[in-house]
Amino acid sequence: MEKYGYRFSFGPWNIHSGADPFGPPVRAERSFADKLGQYRGLGFDAVQFHDDDAVPGLDELTPLQIRRRARKVKRQIDDAGLLAEFVAPRLWESPRTVDGAYTANDPEARRYAIERTKRAADIAHELGTDLMVLWLAREGTYMRESKDPVRATGQLLEAVNTILDYAPAIRIAIEPKPNEPMDLAYIPTMGHALALGSQSSDPKRMGVLMESAHSVLAGLDPSDEIGFAMSFGKLWSVHLNDQNGLKFDQDRSFGAVDLRRAFNQVKVLDENRFYDVGMVGLDVKAIRTQPFERDAEHLTNSLRVFLRLLELSRSLDRAAVQSLIDARDYEQLDWLIISHLLGG
Ligand code: 3MF
Ligand code: MG
């Protein structure tokens, strides 16, 4: 498969058992080794990790044990011909983080979150990646009055500064999301994430990851969120997927809901040479009806859509687009894009 210089990644969580908040698993859980064995065949180059995807049960282990186990995983990914793209501390599952992690009201919970993030940085180091992704899942509220937004923002800043200081080689990409699991999150958009990074002790090492579904949930256009971050050289990874309006986070296959919106994401990434900067991550989930034997088709479909849209972006008649822009004939521009997407 021609990949035009792009590298593709996904996380082990993107091949999954289909459990949702209303029902138990519907497919058997594959082992990590089984999943790793599938990456290359599916057309992917790199693995995105949560800290505990790499080192399960790390809360019960010493820092030294964690490093040793991570080193074994590094050998596994090497053997599978894969890279590690990033490590993200999973700060939303422990009973200690029910009220948030870095912004929890309980200082003990905040300490736990920082220690856990340091271990995630250690794991990143062992896996050979300098990128840490922070999805700030529980940094927000159900009850606005339960936390102080000024204090919470200060705590988020303190947390990233602590990590930047602890791991001098690490770059942090914040993955904004406006809601779910919280009602209202503190870092809902690219703008919030970039502003936080700019106030940190080392802004050069602070960037963002844009997830399509998260932008849609914030009522924004993913391609504009990409463009905003890229204009500052701050887009370091993406989670491409799709989302049908303002409802639960769907993680549909890329382009499955709105092909034109997907096209515009590919177009802005490619026009700004994202392939020189980062990998294309696909944060997609198989729907619950999918059988075990065909539980990775959402990944193949998403990758195919990306590559087809890339061809369409590169074959777009840019001179024709420009002359329509010059003539301010945007209705004809609309038709040019639609007919191009429909195959001419
Ligand atoms: C939540 C997400 C997460 C993050 C992942 C890495 C499970 O909506 O998108 O995927 O991407 O935790 O940060
Ligand atoms: Mg994501």
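Up top you'll find the structure we're talking about.
Below or above, wherever it landed, is the structure these notes cover. Every chain's residues receive numbers from 1 upward, in the order its sequence appears when written. Here the convention is simple: chains get letters from A, ligands get numbers from 1, in the order in which they are written. Only residues with pLDDT of at least 70 are given local features in this predicted model, and only at 80 or more are side-chain atom pairs given and counted; all residues enter the totals for whole chains, interfaces and linings. In computing side-chain values, all of the structure's heavy atoms are included and hydrogens and water are not.

A short note on the overall build of the chain
Inference 1: The helix and strand tally for the chain stands at 12 helices and 10 strands.
Inference 2: Just to be clear, the radius of gyration here is over C-alpha atoms, and the globule rule we use is 2.2 Å times residues to the power 0.38. Computed over C-alpha atoms, the radius of gyration of the chain comes to 20 Å, within 12% of the 20 Å expected from 2.2 N^0.38 for 344 residues, which places it in the range of a compact globule.
Inference 3: The principal-axis extents of the C-alpha atoms in the chain amount to approximately 60 × 45 × 40 Å.
Inference 4: Two residues form a contact once any of their heavy atoms are found within 4.5 Å. Taking contacts inside the chain between residues at least 6 apart in sequence as the whole, the part at least 24 apart equals 77%.
Inference 5: Of the roughly 15,600 Å² that the chain leaves accessible, carbon and sulfur atoms contribute 53%. Counting from the N terminus, the helices are the DSSP runs of H or I reaching at least four residues and the strands are the DSSP runs of E reaching at least two. Residue-level accessible areas treat just the shown protein chains as cover; the underlying method is Shrake-Rupley with a 1.4 Å probe.

Some remarks on the site of ligand 1
Inference 1: Among the 13 residues in the neighbourhood of ligand 1, the closest are listed as His 50, Glu 175, Glu 211, His 214 and Asp 283.
Inference 2: Two N or O atoms count as a polar contact when they lie within 3.5 Å, although within protein this holds only if one can serve as hydrogen donor and the other as acceptor, and sequence-adjacent residues are included solely when both atoms are side-chain atoms. Contact between ligand 1 and His 239: an oxygen atom at 3.1 Å from a side-chain N or O atom of the residue.
Inference 3: Burial of ligand 1 by the protein amounts to 93% of the accessible area it has alone, namely 350 Å².
Inference 4: Gly is put with the polar residues, along with every residue not named as nonpolar or charged; the nonpolar set is Ala, Val, Leu, Ile, Met, Phe, Trp, Tyr, Cys and Pro, and the charged set is Asp, Glu, Lys and Arg. For the shell around ligand 1, a count of residues per class yields five nonpolar, three polar and five charged. It suffices for a single heavy atom of a residue to lie within 4 Å of a molecule or strand for the residue to be listed as near it.

A word on the pattern of salt bridges
Inference 1: We count a salt bridge whenever a side-chain nitrogen from Lys or Arg sits within 4 Å of a carboxyl oxygen from Asp or Glu. Scanning the entire structure with this criterion turns up 33 salt bridges.
Inference 2: Taking the shortest distance from any N to any O, the salt bridge between Arg 111 and Glu 108 comes out at 2.8 Å. Of the two residues, Arg 111 and Glu 108 are both situated in helix α4 (residues 107-127); the distance of three residues between them amounts to about one turn of the helix.
Inference 3: Residue Arg 171 is joined to Asp 130 by a salt bridge in which the shortest nitrogen-to-oxygen separation is 3.2 Å.

Considering the coordination of the magnesium ion (ligand 2)
Inference 1: For Na, K and Ca the donor cut-off is 3.2 Å, while for other metals it is 2.8 Å, and in both cases only N, O and S atoms qualify; water is not among them, so sites may look incomplete. Distances from the magnesium ion (ligand 2) to its protein donors, Glu 175 (OE), Glu 211 (OE), His 239 (ND1) and Asp 283 (OD), fall at 1.9 to 2.2 Å.
Inference 2: Geometry is assigned from the angles between donors: four donors with all angles from 85 to 135 degrees make a tetrahedral site, four or six donors whose opposite pairs exceed 155 degrees while the rest stay between 65 and 115 make square planar or octahedral sites respectively, and everything else is labelled irregular. One way to put it: the six donor atoms around the magnesium ion (ligand 2) meet at angles of 80 to 174 degrees, and that makes the site octahedral.
Inference 3: Counting gaps between the donor residues of the magnesium ion (ligand 2) yields the pattern E-x35-E-x27-H-x43-D. Here Glu 211 is found in strand β8 (residues 206-211), whereas its partner Asp 283 is found in the loop between β10 (280-282) and α10 (297-314), with 72 residues between them in sequence. Side by side, Glu 211 and Asp 283 carry an identical accessibility label, which is buried. Relative accessibility decides the category of a residue: with a 1.4 Å probe and only protein chains considered, values under 20% of the type maximum give buried, values over 50% give exposed, and everything between is partly exposed.

Regarding the pairing of strand β3 (residues 83-88)
Inference 1: The buried fraction of β3 is high, at five of six residues.
Inference 2: Across five bridges, the pairing between strand β2 (residues 46-50) and β3 is parallel. Across the sheet, residue Gln 48 finds its bridge partner in β3, namely Phe 86. Strands are treated as partners if at least two bridges between them are detected by DSSP.

What about the nonpolar core?
Inference 1: Membership of the largest hydrophobic core comes to 84 residues, with the highest contact counts inside it found for Phe 49, Leu 235 and Phe 306.
Inference 2: Here this core gets seven residues from one element, more than from any other, and that element is α4.
Inference 3: Aside from chain neighbours lying at most four places away, what touches Phe 49 is Trp 13, Phe 32, Ala 54, Val 73, Ile 77, Ala 84, Phe 86, Val 87, Ala 88 and Leu 127.
Inference 4: Of all hydrophobic cores here, the second largest spans eight residues; its members include Ala 88, Val 133, Ala 173 and Leu 209. For our purposes a nonpolar core is just a set of buried Ala, Val, Leu, Ile, Met, Phe, Trp, Tyr and Cys residues, chained together by side-chain atoms within 4.5 Å.

A word on helix α12 (residues 330-341)
Inference 1: Between the first and last C-alpha of α12 there are 16 Å, a value that for 12 residues agrees with the 16 Å anticipated at 1.5 Å per step.
Inference 2: Within α12 the residues assigned to the buried category are Leu 333, Leu 336, Ile 337, Ser 339 and His 340.
Inference 3: The positive-phi residue at the C-terminal boundary of α12 is Gly 343, with phi of around 100 degrees. The span one expects for a helix is its residue count, reduced by one, times 1.5 Å.

By themselves these figures say nothing about function.
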